[in-house]
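Residue strings, one per chain:
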Amino acid sequence: MKRLFIFILLAVGFGKISAKAELPVYKNPKATVEQRVNDLLGRMTLKEKVMQLNQYTLGRSIVANNKGKVKVVPAEIGSLIYSSTDVTMRNAMQHRAMDSTRLGIPILFAHDVIHGFRTIFPIPLAQACSFNPDMVRLSCGVAAQEAKQSGVDWTFSPMIDVAHDPRWGRVAEGYGEDPYLSGIMGKAAVQGYQDNGKYNIAACLKHYVGYGASEAGRDYVYTEISRQTLWDTYLPSFIRSLEARPATVMSSFNNISGTPASANKYTMHDVLKDKLGFDGFIVSDWAAVKQLKAQGMVKDYKTATELSFNAGLDMDMMSNAYDKYLEKLVAEGKVDAKAIDDAVARVLRVKFELGLFDHPYTEKVADAKRFLLKESLNLAEQAAEETMVLLKNDNNILPLKNTKRIALIGPLADDGADLLGCWHAWGDGKDVNTIIKSVQDEFKGKAAIDYAKGCDFEGNDESGFSEAVDKAKNADVVVLCLGEKSTWSGENASRASIELPQIQLSLLEAVKKSGKPVVLVLSNGRPLQLNRMEPLADAIIEMWQPGVAGGKPLAGILSGRVNPSGKLAMTFPLTGGQIPIYYNRRSPGRPTQGKYQDMSSEPLYPFGYGLSYSDFQYGEMKLSKTTCKKDETITAEVTVTNNGKVKGKETALWYIQCPYSVLTRPVKELRHFEKHEIAPGESYTYKFEINPMRDLSTFDADGNKYLQSGEYDIMIAGQIVPIEVE
Ligand code: GLC
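Residues numbered from 1 in each chain as written. Predicted model: local features only at pLDDT ≥ 70, side-chain atom pairs only at ≥ 80, totals over all residues. Heavy atoms only, no water.

## Quick look at the sheet that holds strand S27 (residues 710-716)
Backbone hydrogen bonds hold the strands of a sheet together, and the pairing may be parallel or antiparallel. Read across the sheet, 5 strands follow the order S20-S28-S27-S22-S23 without closing on themselves; strand pairing throughout is mixed. Pairing within the sheet leaves two strands with one partner each, and these edge strands are strand S20 (627-628) and strand S23 (669-678). Pairing analysis gives 3 bridges linking strand S22 (residues 648-657) to S27, with the strands arranged antiparallel. Note that in S27 the partner of Ile656 across the bridge is Ile714. (Pairing = 2+ DSSP bridges. Helix = DSSP H or I, 4+ residues; strand = E, 2+ residues; numbered from the N terminus.)

Put into structure tokens, the structure is as follows:
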């Protein structure tokens, strides 16, 4: 008996040792990522490798190739765009990958989590107006937590396309017209997604590159981008965001001066991977490989596959081309097997770094424990507060004082869904704090609120005008809520006119005739043409599309509980005829000529514009010295005093200019900003530690830093002080 017991002990022990010995390196969590990648790569067949370079969809999707049927999707697939909040389907699919394939490689599940997953934050263009990167980082952290707990490992965000044309619907998804601001916000977003503990998800810089230069603001079109402009305007936001080590980058739809981005070897291989050292992987945009045919670059999808892959595009989203042709192309010697290994290693590295091999499944958590958490909603409200921009406030009509009756009018006053904006993932209009509910709460016991819709977003039905005008006549003030539907911006949502539909202007004209002051509240996904509305409004609040929690901050701005602090991240043209119009333009040969004959050449509201209820007075800028060598620094500082009656947050925007440069530079370039709250009567000194190579340089057409010796102007709040760089 004793012998048998000892034998069993030995057998079990041996079994464990041998099992341990058989555990392949790639399955050993104690091995390094590189050891695991290399071990796994060495075990994979070419077919298994190729499957890792493909992405299909799974779950609710209007264009899904499988309508959510788990069994339809090959278990060896590298990634799936996952459209569900229930983790059941994801875990079932993941079990197929882990348990029924030869090597058990987990699938990477992705989704467009652009400004929140269920707790929806303000659209990114609005977030940029906060000039608060910490708020962007925190909001992306909440988005990551909700997405991760819903089965998503990877988001196709942040979108950091610099854009100058508000006709392009996708300006809503980006951080505006400035390369520096877009980069700072993009970097913060990547940190929010990737560096927040157990809810890390992979980020994706998009759309690489120059998509924002889409001709005439249309989508999926040609972009004329010189090498110089590529480097000094469209690449900087990616270069700065790469500092946060994003896991992935997405190639864009646009044709870059003759070579579509998704088959552009210069931008993807030479610049992003070689020169900038990007070690993650590049995924195409949706069916962008196939679209090379429509763009006239190739005759068939096999050639599209060859050109895209050899240009450096690692993963094919929804073209179903890589899985069909890559093996053949390797066999024909048109694609190098080593390049396949490099691409697969990049994908596997992301999966190992996300921990997917060791924790492939998502724990089921009740909605109440993951969505719309109190602290998440609080953050969404703070974010909305900081993104709203006060554009006009004649005679300080705002905040509303001694108001006993407010006529709350307009198609957006009692609308929740459209305040979510485009790309609102699993956001629900029912979650939204509407304007009317928030205004009623804010003014409870202080003022009566009379509501009238007045009109729809568009059309020509004026039948609601009379009720609106009657309520205006009986009120002390009109709060008129106009704007865009959430579907009027985002992808494939270009608008030739950036003016709101005539019916909305007519409603404004009608209520204006009541003789009562009008506060115009705008909710929109792009800069608007306001030249016909602005004169009729006593005050204008740009609330953007603020997400679930925008109503209360808006009501707070009306009552004075919230002091608006947003500043525009994108120029508001006087009319669409001025487009493109942006602040960091180059100086013309005749600055006093060349203007329009029929209207002003100045925008209605420039980049950086925004009013406050405080009265911020800037003192004289001071410099630690006015001459420095290229490897020295100069400190610029300015003291700002709040001469107003209420505390407020002021963002100091530091610009530079190189007035005489062989490589001509814009008339001003934002290079530093700081936001700070200042109490009434108090002062705060803002500082800008100028490092010439970092803060005064630009890129030349070869992507090398360019810093010419000579004069540079440091600018803030209208002050211009020259320095000399030797
Ligand atoms: C879309 C968009 C891109 C998005 C992707 C996945 O076409 O261009 O921004 O991330 O497809 O939905």
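## Overview of the packing of aromatic side chains
Each aromatic ring pair is characterised by the separation of its centres together with the angle its planes make. Per the stated rule, a full pass over the model turns up 23 aromatic pairs. The interplanar angle of 70° and the centroid separation of 5.2 Å between the aromatic rings of Trp154 and Phe281 together place this pair among those described as edge-to-face. Remark: Phe281 occurs in strand S10 (residues 281-283) and Trp154 occurs in strand S4 (residues 154-155); sequence separation between them is 127 residues. Judged by its relative accessible area of 0%, Trp154 is buried. (Phe/Tyr/Trp six-rings, centres within 6.5 Å; stacked < 30°, edge-to-face > 60°. Buried < 20%, exposed > 50% of the residue type's maximum accessible area, 1.4 Å probe, protein only.)

## What to know about the site of the ligand
By nearness alone, every residue bordering the ligand is listed as Asp112, Phe156, Arg170, Lys206, His207, Met250, Phe253, Asp285, Trp286, Met317, Trp423 and Glu491. Between the ligand and His207, the relevant distance is 2.7 Å, taken from an oxygen atom to a side-chain nitrogen or oxygen of the residue. Protein contact buries 94% of the 310 Å² of open area that the ligand shows by itself. Tallied by class, the residues present in the shell around the ligand amount to 6 nonpolar, 1 polar and 5 charged. (Near = heavy atom within 4 Å. Polar contact = N/O pair within 3.5 Å; in protein donor to acceptor, adjacent residues only side chain to side chain. Areas by Shrake-Rupley, 256 points an atom, 1.4 Å probe, with all protein chains shown as cover. Nonpolar A, V, L, I, M, F, W, Y, C, P; charged D, E, K, R; others polar.)

## Overview of the packing of helix H6 (residues 133-148) against helix H16 (residues 374-387)
Contact pair H6 / H16: the axes reach a minimum separation of 10 Å and the direction vectors enclose 145°. Seen along the crossing, H6 lies across H16 with a hand that is left-handed. Residues Met135, Leu138, Ser139, Val142 and Gln145 of H6 form the contact with H16, whose own contacting residues are Ser376, Leu379, Ala383 and Thr387. Of the residues in the contact of H6 with H16, the class split is 5 nonpolar, 4 polar and no charged. (Axes fitted to C-alpha atoms, helices over the stretch in contact; angles between N-to-C directions. Left-handed = near helix turned anticlockwise from the far one by under 90°. Contact = heavy atoms within 4.5 Å.)

## Some words on the pattern of salt bridges
Summed over all chains, the structure comprises 44 salt bridges. Between Arg532 and Glu499 there is a salt bridge, with its nearest N and O atoms 2.7 Å apart. Remark: Glu499 occurs in the loop between strand S15 (477-483) and helix H19 (502-512) and Arg532 occurs in the loop between strand S16 (518-523) and strand S17 (539-542); sequence separation between them is 33 residues. Among the residues examined, Arg532 registers a relative accessible area of 39% and is labelled partly exposed. Several salt bridges converge on common partners, so that one network encompasses Arg90, Lys148 and Asp153. (Salt bridge = Lys/Arg side-chain N within 4 Å of Asp/Glu carboxyl O.)

## Regarding the side chain of Gln578
When you line up the elements, Gln578 lands in the loop between helix H20 (551-559) and strand S18 (616-618). The exposure class assigned to Gln578 is buried, which follows from its relative accessible area of 2%. A distance of 3.0 Å separates a polar atom in the side chain of Gln578 from the backbone oxygen of Ser600.

## Examining unusual backbone geometry
At the junction of Ser157 and Pro158, the peptide bond is cis and its omega measures out at 15° in the coordinates. Within the secondary structure, Pro158 sits in the loop between S4 and helix H7 (179-194). With an omega dihedral of -5°, the bond running from Leu398 to Pro399 counts as a cis peptide bond. Phi at Ser257 is positive, roughly 50°, even though this residue is not glycine. Of note, Ser257 is situated in the loop between strand S8 (255-256) and strand S9 (259-260). Taking relative accessible area as the criterion, Ser257 reaches 30% and is therefore assigned partly exposed.

## A look at the environment of Thr119
When you line up the elements, Thr119 lands in the loop between strand S3 (108-111) and helix H5 (124-129). As a C-alpha pair, Thr119 and Ala549 span 430 residues in sequence and 8.8 Å in three-dimensional space. Residues contacting Thr119, with those up to four places away along its chain left out, are Val142, Glu146, Phe371, Leu372, Leu373, Ser376, Leu377, Ala380 and Val548. Within polar-contact distance, the side chain of Thr119 engages the side chain of Glu146 at 2.6 Å.

## A short note on the sheet that holds S3
Reading across the sheet, the 5 strands line up as S4-S3-S2-S1-S11 and stay open at both edges, with parallel pairing between neighbours. Each end of this open sheet is capped by a strand with a single partner; those strands are S4 and strand S11 (316-317). Its contacts with the sheet place helix H4 (residues 87-99) against strand S1 (54-59), strand S2 (79-83) and S3, and it is angled at close to 160° to S2.

## Observations regarding the state of the cysteines
Going through the model one piece at a time under the given rule, you end up with 0 disulfides. We note that Cys422 lacks a disulfide partner, and the nearest cysteine sulfur, in Cys129, lies 14 Å from it. Here Cys658 stays unpaired: no disulfide links it, and the sulfur of Cys628, its closest cysteine neighbor, is 13 Å away. (Disulfide = S-S within 2.5 Å.)

## Regarding the pairing of strand S28 (residues 719-725)
Of the strand pairs in this sheet, S20 and S28 are connected by 2 bridges, and their pairing is parallel. When the sheet's bridge partners are listed, Cys628 is paired in S28 with Val725. Pairing of S27 with S28, which is carried by 7 bridges, proceeds in the antiparallel orientation. Looking across to S28, one finds that Met715 is bridged to Ile720. As consecutive antiparallel partners, S27 and S28 are separated by 2 residues, and within that stretch Ala717 has a phi angle of approximately 45°, a positive value.

## Observations concerning helix H14 (residues 337-353)
A rise of 1.5 Å per residue sets the reference length of H14, with its 17 residues, at 24 Å; its end C-alpha atoms lie 24 Å apart and thus fit the reference within 8%. Of the residues making up H14, those classed as buried are Ile340, Ala343, Val344, Ala345, Arg346, Val347, Leu348, Arg349, Val350, Lys351 and Phe352. Where H14 begins, the side chain of Asp336 points an oxygen toward the backbone nitrogen of Lys338, at a separation of 2.7 Å. Phi for Gly355, located one or two positions after H14, is positive at around 85°. (Expected span 1.5 Å × (residues − 1).)

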